[in-house]
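Here are the chains, one letter per residue:
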Amino acid sequence: MNITVWNEFRHEKKNQTVADIYPDGIHQVLASFLKTEGTTVRTATLDEAEHGLTDDVLNNTDVLLWWGHVAHDEVSDEIVQKVQQRVLDGMGLIVLHSGHFSKIFKQLMGTSCDLKWREAGEKERLWVIDPAHPIAEGIGEYFELEQEEMYGEHFDIPAPDELVFMSWFQGGEVFRSGVTYKRGNGKIFYFRPGHETHPTYYNKNVQRVIQNAVKWAAPVKRERPVYGNAQPIETLKGE
Ligand code: ZN
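Nothing here was measured: the structure is a model prediction, and the numbers come from that model. (Residues numbered from 1 in each chain as written. Predicted model: local features only at pLDDT ≥ 70, side-chain atom pairs only at ≥ 80, totals over all residues. Heavy atoms only, no water.)

## Brief notes about the sheet that holds strand β1 (residues 2-7)
Next up, step 1: One open sheet accounts for 9 strands, arranged β2-β1-β3-β4-β9-β8-β7-β5-β6; its pairing is mixed. The two strands at the open ends of the sheet, each matched to only one other strand, are β2 (40-45) and β6 (142-152). Geometrically, the sheet is characterised by an average inter-axis angle of 25 degrees between neighbouring strands, direction not taken into account.
Next up, step 2: For strand β5 (residues 116-128) and strand β7 (residues 162-169), the ladder comprises 5 bridges, and the chain directions are antiparallel. Considered in β7, the bridge of R125 is made with W168.
Next up, step 3: Where helix α3 (residues 26-34) meets the sheet, its contacts fall on β1, β2, β3 (63-67) and β4 (92-96), and the angle it forms with β1 comes to roughly 160 degrees. (Pairing = 2+ DSSP bridges. Helix = DSSP H or I, 4+ residues; strand = E, 2+ residues; numbered from the N terminus. Axes fitted to C-alpha atoms, helices over the stretch in contact; angles between N-to-C directions. Contact = heavy atoms within 4.5 Å.)

Below you can see the structure in the form of structure tokens.
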């Protein structure tokens, strides 16, 4: 299993609060808890050549994680096209937090992906909505993050294939915080937590969800379906 963690890596360089929480970048913390026996984890960031997502990297990635926020527009359309094609070909994609507004997520969803938000460091309670789902394995009935940014409905996404988590916030809003989709041969999981000024990716429940999601999103080994004009499999009448 080859995992690539992509991070915009801008807040960490400009904001001391974020740098104190993630001194080597959010991507390094994500990578650290995804490294297990039999997995290769690499990282890629916006300011690298081709955003670190060369053809070689993309073609050798089974699951790609995506964290971005202030620089979505700086991601090249060409790379977005390549990532989309890899998803259609079977690569798993896990979109985190403010990645809801990334070019790749909006393109795959086909909707605005807009939502309500508030930065007040309030409590978030994430409820498991789909207890049989492998992404929820090892998670209790719910878990809490003491301080997070609020994301509230309405979240302008297509109806998810599966709703795994639903969040409640101290201010009263709710949000579909863990949702799955399939696009082509690929699997997509969007997971809400992870505002950069809170130490969310150190939380053991958050880490477990992301570990589970990577396993779930791993490609199924098969070719893309064959489309277009087709020869009959059986002999047709009159031949
Ligand atoms: Zn945020």
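## Concerning the nonpolar core
Next up, step 1: If you look at the biggest cluster of nonpolar residues, it comprises 37 residues, and the most contacted ones within it are L65, F165, F189, F191, Y201 and I210.
Next up, step 2: At 7 residues, the largest contribution of residues to this core is made by helix α7 (residues 204-217).
Next up, step 3: Of all hydrophobic cores here, the second largest spans 33 residues; its members include L64, M91, I104 and Y181. (Core = buried A, V, L, I, M, F, W, Y, C linked by side-chain atoms within 4.5 Å. Buried < 20%, exposed > 50% of the residue type's maximum accessible area, 1.4 Å probe, protein only.)

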